[in-house]
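# A look at the structure
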Protein chains: 2
Amino acid sequence: MVNVASALSLEYGTRSESLRTLKYAILGLLNQRNMSGYELTQQFESALCEFWNAKHSQIYSELKKLTDEQMICYEIEISGNVLEKKVYSITETGKADFMNWLRKDEPMGATSKDVFRLRLFFSNKLDQEVRIELLNSQLMQHRLRLMHLKNNQTKFNKVPQKDSDEFSDYLVLLGAIMREEMSCEWLKQCIELCQEGGNT
Amino acid sequence: MVNVASALSLEYGTRSESLRTLKYAILGLLNQRNMSGYELTQQFESALCEFWNAKHSQIYSELKKLTDEQMICYEIEISGNVLEKKVYSITETGKADFMNWLRKDEPMGATSKDVFRLRLFFSNKLDQEVRIELLNSQLMQHRLRLMHLKNNQTKFNKVPQKDSDEFSDYLVLLGAIMREEMSCEWLKQCIELCQEGGNT
DNA sequence: ATTTGCATGTAATCTGTTACATGATTCA
DNA sequence: TGAATCATGTAACAGATTACATGCAAAT
């Protein structure tokens, strides 16, 4: 028997909305200040890079979509003689939509993907030396990243005011540092466990 | 002037290969033991859930592709009277390809995306009470997750043998626990910083 | 009988990456 | 004058989610 209900297009509620996180990342940035697509791309590479990323190709198409949806609008500025630059700003509609997203207390989703942990999960199939080399390589990379982050932190000589953009920035930087410190700790423990009763 | 080289389809090297991580996650699991698509789906929900995830729809289509590519093959088993089950196993080609992937020391990619951190980055636009509520909600969720993970850890009464599947499992579980502990610590610090000089 | 779990798939859509494509501006 | 950076876009493809779709088996 066929599914009559679905044949009549009943019973299966409206399609659930997609998350559109990129949309809100862009709206959030434009809520801080007006920017071009190029500047937004740079923001993703600097300010957001510890928790979000997007290529210019994706950003430009999202900007087009958000303009159509009247969440943002733009004015054209001229750099030099002829080079056109679109400076985007958030609309009132966009601001309202963004604030609505920001306030929502959504339950945590699935843990994010991590290729290295996946590799490690299968690493007992490797020679012990190779496994330790891979762990060491990973450790070095995380140490380097930690160094850069701690260097960024020195730019704050005191905790910023709670309602400032800098304060939020400070919180996420703290999170990034703690994450890298944890990663280094964990990798060191893994290496130790792999070496225990080692090759003498 | 048009790009003659590209018009002639020259000069722009071969398309770079995609990562196909799901492929290797599946090959890795089938390298441990033979399984059906259904069992693989369950493995993603249990053993791999702390660092990878995939829905059954994605898994079944990847299995089809891997079969075409001769990385895996299957035999049909009957459960009960008629219900057919495809039990997949990895081929020698698949095993070689998997080991090749496992050995590679790829540099760390971009930090993985984290919607909560993105929200927090914009959270100075919220009322202080709402911001703290969101942080508390997040903290509770991470505490719960930590509890479950620590409970899993009790299943290991000692560190398993280094070349066993259980040892790798132990390492990634340790990583998951440390990650959740760090998250709880970080969130507590964020809450404190948000409350400092608070509303008296 | 009815619900839960076993078992497998496809279609539509959304999200993200790589490659293609162009041209101006600035600095060495 | 050549390289790096500013500036914007499209097309093709890869990766992932949600919904659609079906039916058997086991337990209550």
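Residues numbered from 1 in each chain as written. Chains lettered and ligands numbered in written order. Predicted model: local features only at pLDDT ≥ 70, side-chain atom pairs only at ≥ 80, totals over all residues. Heavy atoms only, no water.

### Considerations on the interface of chain A and chain B
With 75 residues of chain A in contact, the opposing surface of chain B contributes 75 residues. Interface area for chain A against chain B, summed over the two sides, is near 7,300 Å², with a carbon-plus-sulfur share of 63%. A per-residue breakdown of the area chain A buries against chain B is headed by Met108, Arg119 and Phe121 of chain A, which together make up 11% of the total. The interface formed by chain A and chain B contains two salt bridges. A salt bridge links aspartate 165 of chain A to lysine 125 of chain B; the nearest nitrogen and oxygen atoms lie 2.7 Å apart. Inspection of the region where chain A meets chain B yields 33 residue pairs in polar contact (both at pLDDT 80 or more). Contributions of two or more residues to the side of chain A that touches chain B are made by α2 (21-32), α5 (92-103), α6 (115-121), α7 (128-153) and α8 (165-195) of chain A. (Contact = heavy atoms within 4.5 Å. Buried area = accessible area lost by both parts, 1.4 Å probe. Salt bridge = Lys/Arg side-chain N within 4 Å of Asp/Glu carboxyl O. Polar contact = N/O pair within 3.5 Å; in protein donor to acceptor, adjacent residues only side chain to side chain. Helix = DSSP H or I, 4+ residues; strand = E, 2+ residues; numbered from the N terminus.)

### Re the packing of helix α2 (residues 21-32) of chain B against helix α4 (residues 56-68) of chain B
All names here are of chain B. Interaxial distance between α2 and α4 falls to 10 Å at its minimum, and their mutual angle equals 80°. The orientation of α2 relative to α4 falls into the category roughly perpendicular. For the pair α2 and α4, the contacting residues are Leu22, Lys23 and Ile26 in the first and Gln58, Ile59, Glu62, Leu63 and Leu66 in the second. (Axes fitted to C-alpha atoms, helices over the stretch in contact; angles between N-to-C directions. Parallel < 35°, antiparallel > 145°, perpendicular 65-115°, else oblique.)

### Some remarks on unusual backbone geometry
Glycine aside, negative phi is the norm for most residues, and most peptide bonds take the trans geometry. Residue and element names in this part refer to chain A. One non-glycine residue, glutamine 70, lies in positive phi territory at about 60°. Counting through the fold element by element, glutamine 70 comes out in the loop between α4 (56-68) and β1 (72-79). Residue classification places glutamine 70 among the exposed positions, given a relative accessible area of 57%. (Buried < 20%, exposed > 50% of the residue type's maximum accessible area, 1.4 Å probe, protein only.)

### Focus: the domain arrangement of chain A
Annotation of chain A at the domain level lists domain 1 (4-102) and domain 2 (115-195). A separation of 30 Å is found between the C-alpha centroids of domain 1 of chain A and domain 2 of chain A. (Domains from an automatic or database assignment.)

### Regarding a negative patch on the surface
Taken together, the side chains of Asp105 of chain A together with Asp127, Glu129 and Glu133 of chain B present a region of like negative charge at the surface. Inspection of the secondary structure puts aspartate 127 of chain B in the loop between α6 (115-121) and α7 (128-153). (Patch = residues over 30% accessible without salt bridge, like charges linked within 9 Å, V, L, I, M, F, W, Y side chains within 5 Å. Areas by Shrake-Rupley, 256 points an atom, 1.4 Å probe, with all protein chains shown as cover. Lys, Arg positive; Asp, Glu negative; His and termini not counted. Charge placed at Lys NZ, Arg CZ, Asp CG, Glu CD.)

### Quick word on the relation of the copies chain A and chain B
The relation between the two copies of this chain is a rotation about an axis and a shift parallel to it. By a simple turn and slide, chain A fits onto chain B: the slide is 0.0 Å along the axis, the RMSD is 0.0 Å, and the turn is 180°. Both chain copies can therefore be described as sitting about a two-fold axis. With an isologous cut-off of 70% or more, the 100% of interface residues of chain A that recur at the interface of chain B puts this contact in the isologous class. (Least-squares fit on C-alpha atoms with pLDDT ≥ 70 in both.)

### Notes on the pairing of strand β2 (residues 83-90) of chain B
Residues and elements named next belong to chain B. Across eight bridges, strand β1 (residues 72-79) lies against β2 in antiparallel orientation. Considered in β2, the bridge of isoleucine 72 is made with isoleucine 90. Here β1 hands over to β2 after three residues, with glycine 80 in that stretch at a positive phi of 70°. (Pairing = 2+ DSSP bridges.)

### Some thoughts on empty space enclosed by the protein
Going through the model one piece at a time under the given rule, you end up with one cavity of 30 Å³ or more. Looking at the largest cavity, its volume works out to about 60 Å³. Considering the residues around the largest cavity, the lining is formed by Phe116, Arg119, Leu120, Ser123, Leu126, Arg131, Leu134 and Leu135 of chain A together with Leu102 of chain B. Secondary structure elements with two or more residues in the lining of the largest cavity: α6 and α7 of chain A. Taken together, the residues of the lining of the largest cavity sort by class into six nonpolar, one polar and two charged. (1 Å grid on protein atoms, 1.4 Å probe; cavity = no way out; pocket = protein on both sides within 12 Å on 5 of 7 lines; lining within 4 Å. Points joined across faces, edges and corners; volume = space filled by probe spheres on them. Nonpolar A, V, L, I, M, F, W, Y, C, P; charged D, E, K, R; others polar.)

### Section: the state of the cysteines
All names here are of chain A. Summed over the entire model, instances satisfying the criterion amount to zero disulfides over all chains. Free cysteine: cysteine 190, not disulfide-bonded; nearest cysteine sulfur from cysteine 194 at 6.5 Å. Exposure remark for cysteine 190: the relative accessible area of 0% places this residue in the buried category. Relative accessible area serves as the criterion here: at 3%, cysteine 194 is assigned to the buried category. (Disulfide = S-S within 2.5 Å.)

### Regarding the pattern of salt bridges
All names here are of chain A. Within the structure shown, the criterion is met by 21 salt bridges over all chains. Ionic pairing is found between glutamate 39 and arginine 33, a salt bridge with its closest N-O pair at 3.5 Å. Judged by its relative accessible area of 24%, glutamate 39 falls in the partly exposed class. The network of salt bridges with shared partners includes Arg20, Glu62 and Glu69.

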